[in-house]
Amino acid sequence: MDKYLDILENLLLLEDEYEWLDFKENWFNKDEIGEYISAVANGACLCGKEYGYIIWGVKDNSRDIVGTSINFDKDINHEPYKHYLARNLKPSIAFEVIEKEYQGKRIVMLQIPSSKSVQTKYKDVSYFRIGSSKEKINKFPEWELKLNITLQEGFPTIVNVAAPDYAQELTFEKLFMYYAAKGISLKPDSFERSLKLKNKNGQYNVMAYILSDQNSIPVRVSIFSGRDKTAPLFSVKEFGNTCIMYSMDKILEYGDAINIIQADERNRISERRDVPLFDYEAFHEAILNAFIHNKWLTLNAPQISIFTDRIEILSHGGLAVDQDEKGFYSGASLPVNDVLASIFLQLRISERSGRGVPKIIGRYGKDSIQIEKNRIVVTIPFEKIEVNKFIVSNNVSNKVSNKVNGTQEKIISAIRNNSNVTINQLMVITGLSEPGVKKNLKQLKDAGIIARIGANKNGYWEVLK
């Protein structure tokens with residue numbers, strides 16, 4: 001496929017406003033277009049993009065293809081318009097005018113190189129886009145400062161940005177232990193250099209902070225008693241404030257613990273089928289991707305939310321700088337954090353085969369991954385077997401169904417499916433807090449409906465009626 005049509009199709013997939021991208025229908029203003037070129041070039045720099053784009057012939061909100069008659073070769077003040085623009089841009093930038101036919105309509109693209117070393121100005125004024133608004137950048141000193149720092153030091157990454165001042169006394173005993181458990185020895189006198197834990201000024205960087213023994217970044221699993229965040233929050237599990245490898249492993253272990261195996265006896269002829277609550281491999285890949293590709297620069301960890309019908313895994317920061325949605329969904333792996341991804345690869349936690357996203361999509365479909373400007377959300381739905389309906393329809397335990405409430409029926413079903421079901425698993429299944437689960441278990445035991453066989457730690461549950 002034509003390179004520029006491929007670029008166009010990927011840009012059309014983006015629904016948000018970006019500092020480096022603008023769509024126009026048939027609008028023309030000879031000087032304001034130059035101001036937009038300045039704004040897009042500066043915006044591309046701030047966003048770490050090699051190029052920015054202004055595209056004519058597309059409706060901004062709907063992305064409908066409407067075509068355009070704009071002409072960059074038309075005469076303006078006795079010279080071609082594109083030459084007029086180039087003459088008024090400082091420093092001189094090699095923007096490119098690309099004309100294409102798409103869906104039977106004429107499309108014109110300006111491909112604009114990112115600003116390098118200095119701000120791009122039009123008629124000696126520097127511009128910037130904030131949302132869909134073009135502004136003089138000197139009206140926003142905080143953005144101008146951020147742009148100048150990026151021009152001087154490069155696009156900020158977890159390697160070149162220093163950790164906070166309060167986080168310059170770090171230890172890495174847990175990181176050494178983690179490497180040792182994988183059969184790899186870190187050298188005390190060179191590991192900081194080999195793992196790139198300091199920036200060019202000799203300060204510990206953000207990556208060092210998230211890999212250190214103790215940090216102030218909480219990693220939480222929030223459990224809600226309903227299907228959205230308006231439901232009561234009855235449990236929060238804390239796994240953070242330490243080396244993110246350990247935090248991630250604890251979350252994976254917790255996911256394994258709540259992934260109950262259900263007995264599917266629907267349409268049973270011979271052997272029953274065991275069905276997990278969710279696909280653990282897809283969950284595993286989603287957690288790995290969230291930790292590797294999270295925008296740790298904000299000092300915010302991925303967020304895991306468990307609802308009664310699904311798990312949501314949110315990572316901050318959106319796609320990698322040079323990644324597009326088409327490549328992302330196809331498994332073309334471009335890490336947000338290159339060096340961190342290399343460490344995960346070295347530790348054999350991950351691989352760069354690009355199988356993670358296709359594996360999730362293959363199991364749950366493309367709609368299970370929602371890509372937004374500043375975050376990615378992966379949804380892992382629960383596959384719940386309605387055991388009670390099967391039991392009642394076969395006239396088994398009708399007596400029990402009449403004596404217990406809906407929550408207790410869920411507990412009985414869970415025990416029938418898995419006699420080793422845990423309190424945490426029952427909390428997820430029922431949406432109750434830990435005291436609520438224990439209260440219902442006691443009522444069922446007192447009624448002689450269930451029994452605990454053996455010790456609390458090593459025993460199991462049994463349904464008596």
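Predicted model, so just to flag it, every value in this text is computed and none were measured.

Notes on the overall build of the protein chain
(1) Moving on: Secondary structure assignment for the protein chain yields 17 helices and 20 strands.
(2) Moving on: Over its C-alpha atoms, taken along the principal directions, the protein chain stretches across nearly 95 × 60 × 40 Å.
(3) Moving on: Residue burial in the protein chain is summarised as follows: out of 465 residues, 49% are buried.
(4) Moving on: Nonlocal contacts in the protein chain, meaning residues at least 24 apart in sequence, comprise 65% of its contacts between residues at least 6 apart.

Brief notes about the pattern of salt bridges
(1) Moving on: Under the criterion given, the structure shown has 24 salt bridges.
(2) Moving on: Among the salt bridges present, the one from Glu285 reaches Lys359, with a minimum N-O distance of 3.6 Å. Here Lys359 lies in helix H12 (residues 356-364) and Glu285 lies in helix H9 (residues 280-293), a separation of 74 residues in the sequence.
(3) Moving on: Residue Lys359 is classed as partly exposed on the basis of its relative accessible area of 26%.
(4) Moving on: The shortest N-O distance in the salt bridge between Glu383 and Arg363 comes to 3.5 Å. Linking Glu383 in the loop between strand S18 (375-381) and helix H13 (387-393) with Arg363 in helix H12, this pair joins segments that are 20 residues apart in sequence.
(5) Moving on: A residue is classified by how much of its surface remains accessible, and Glu383, at 33% relative accessible area, is partly exposed.

Describing the sheet that holds strand S11 (residues 220-224)
(1) Moving on: Reading across the sheet, the six strands line up as S12-S11-S15-S16-S18-S17 and stay open at both edges, with mixed pairing between neighbours. Of all strands in the sheet, those with a lone pairing partner are strand S12 (233-238) and strand S17 (369-371), marking the two edges. Taken over all neighbouring pairs, the strand axes of this sheet differ in orientation by 15° on average, direction set aside.
(2) Moving on: As paired strands, strand S16 (residues 310-316) and S18 are joined by seven bridges and run antiparallel to one another. Its bridge partner being in S18, Ser315 is matched across the sheet by Ile376.
(3) Moving on: Set on the sheet, H9 makes contact with strand S15 (303-306), S16 and S18; between it and S16 the angle comes to about 20°.

Looking at the nonpolar core
(1) Moving on: Leu211, Met245, Trp296, Ile311 and Ile369 are the most contacted members of the largest nonpolar core, which has 88 residues in total.
(2) Moving on: Those residues in contact with Met245 that sit more than four places away from it in its chain are Tyr178, Leu211, Ile343, Phe344, Leu347 and Ile349.
(3) Moving on: One finds Ile37, Ile70, Phe72 and Tyr122 within the second-largest nonpolar core, a separate group that totals 22 residues.

Observations concerning helix H11 (residues 338-346)
(1) Moving on: Among the residues of H11, Val339, Leu340, Ala341, Ile343 and Phe344 are the ones counted as buried.
(2) Moving on: The inward-facing, buried residues of H11 contact helix H5 (173-181), helix H7 (206-211), helix H8 (244-258) and H9.
(3) Moving on: Of the residues one or two after H11, Arg348 is the one with positive phi, at around 60°.

Regarding the state of the cysteines
(1) Moving on: Going through the model one piece at a time under the given rule, you end up with zero disulfides.
(2) Moving on: Looking at the unpaired Cys47, the closest cysteine sulfur is the one in Cys45, lying at 9.1 Å.
(3) Moving on: Cys47 sits in the partly exposed class, given a relative accessible area of 22%.

Some words on the confidence of the model for the protein chain
(1) Moving on: Confidence along the protein chain averages 88 in pLDDT terms, with 93% of residues attaining 70 or more.
(2) Moving on: Here residues 387-402 scores under 50 on pLDDT; set against residues more than four positions off or in separate chains, the count is 19 contacts.

A few points about the pairing of S16
(1) Moving on: Taking burial as the measure, the seven residues of S16 include six buried ones, the bulk of the element.
(2) Moving on: Sheet analysis places S15 next to S16, joined by four bridges and oriented antiparallel. Following the sheet pairing, Gln303 is matched in S16 by Leu314.
(3) Moving on: Between S15 and S16, which follow one another and run antiparallel, lie three residues.

Considering the sheet that holds strand S6 (residues 96-102)
(1) Moving on: The four strands are arranged S1-S2-S7-S6 in an open sheet whose pairing can be described as mixed. Each edge of the open sheet is held by one strand with a lone partner, namely strand S1 (21-24) and S6. Within this sheet the neighbouring strands show an average axis-to-axis angle of 20°, counted without direction.
(2) Moving on: Relative to strand S7 (residues 105-113), strand S2 (residues 51-56) runs antiparallel, the two being bridged by six bridges. In the sheet register, Tyr51 faces S7, and the bridge partner there is Pro113.
(3) Moving on: The sheet contacts of helix H2 (residues 30-46) involve S1, S2 and S7, and relative to S2 the element is tilted by about 145°.

Some words on the packing of aromatic side chains
(1) Moving on: As enumerated under the stated definition, the model contains 19 aromatic pairs in all.
(2) Moving on: With a centroid separation of 6.4 Å and an interplanar angle of 75°, the aromatic rings of Tyr166 and Tyr209 are classed as edge-to-face. With Tyr166 in the loop between helix H4 (141-153) and H5 and Tyr209 in helix H7, this residue pair connects regions lying 43 residues apart in the sequence.
(3) Moving on: Judged by centre distance (5.4 Å) and plane angle (55°), the rings of Phe278 and Phe283 are tilted. Grouping residues by exposure puts Phe278 and Phe283 together as buried.

Observations regarding H9
(1) Moving on: The end-to-end C-alpha distance of H9 is 20 Å, a good match for the 20 Å that 14 residues give at a rise of 1.5 Å each.
(2) Moving on: With 10 of its 14 residues buried, H9 lies for the most part within the structure.
(3) Moving on: Ala282, Phe283, Glu285, Ala286, Ile287, Leu288, Ala290, Phe291, Ile292 and His293 are the residues of H9 that are buried.
(4) Moving on: For H9, the elements touching its buried residues are H8, S15, S16, H11, H12 and S18.
(5) Moving on: Here H9 starts with a cap whose side-chain oxygen sits 2.9 Å from the backbone nitrogen of Glu281, and that cap is Asp279.

Describing the environment of Leu197
(1) Moving on: In this fold, Leu197 is placed in the loop between helix H6 (191-194) and H7.
(2) Moving on: Its relative accessible area of 0% is what places Leu197 among the buried residues.
(3) Moving on: C-alpha of Leu197 to C-alpha of Asn160: the two residues are 37 residues apart in sequence and 9.3 Å apart in space.

What counts, and where the lines are drawn
- Residue numbers run consecutively from 1 along every chain, following the written order of its sequence.
- With pLDDT at 70 or above as the cut-off, local features in this predicted model cover only qualifying residues; side-chain atom pairs require 80 or more to be listed or tallied, and sums for whole chains, interfaces and linings still use all residues.
- Each side-chain value is worked out from all heavy atoms of the structure, with water and hydrogens disregarded.
- Helix and strand labels come from DSSP, where a helix needs a run of H or I of at least four residues and a strand needs a run of E of at least two; each type is numbered from the N terminus.
- Note on classification: 1.4 Å probe, protein chains only; a residue is buried when its accessible area is under 20% of the maximum for its type, exposed when over 50%, partly exposed between these limits.
- Two residues qualify as a contact provided that any one of their heavy atoms is within 4.5 Å of a heavy atom in the partner residue.
- The term salt bridge refers to a side-chain nitrogen of Lys or Arg lying within 4 Å of a carboxyl oxygen of Asp or Glu.
- When DSSP finds at least two bridges between two strands, those strands are taken to pair.
- To get an axis, a line is fitted to the C-alpha atoms, and for a helix only the part in contact is used. The angle between two axes follows their N-to-C directions and goes from 0 to 180 degrees.
- For this analysis, a nonpolar core means a set of buried residues of the types Ala, Val, Leu, Ile, Met, Phe, Trp, Tyr and Cys, connected via side-chain atoms within 4.5 Å.
- For the purposes of this analysis, a disulfide is any pair of cysteine sulfur atoms at a distance within 2.5 Å.
- pLDDT is a per-residue confidence score from the predictor, ranging from 0 to 100.
- Put simply, two rings from Phe, Tyr or Trp (the six-membered ring, in Trp's case) pair if the centres are within 6.5 Å, and we call them stacked under 30 degrees between planes, edge-to-face over 60, tilted for the rest.
- For a helix, the expected span equals 1.5 Å multiplied by the number of residues minus one.
- In protein, a polar contact means a hydrogen-donor-capable atom and an acceptor-capable atom, both N or O and within 3.5 Å, with residues adjacent in sequence counting only if both atoms are side-chain atoms; elsewhere, any N or O pair within 3.5 Å suffices.

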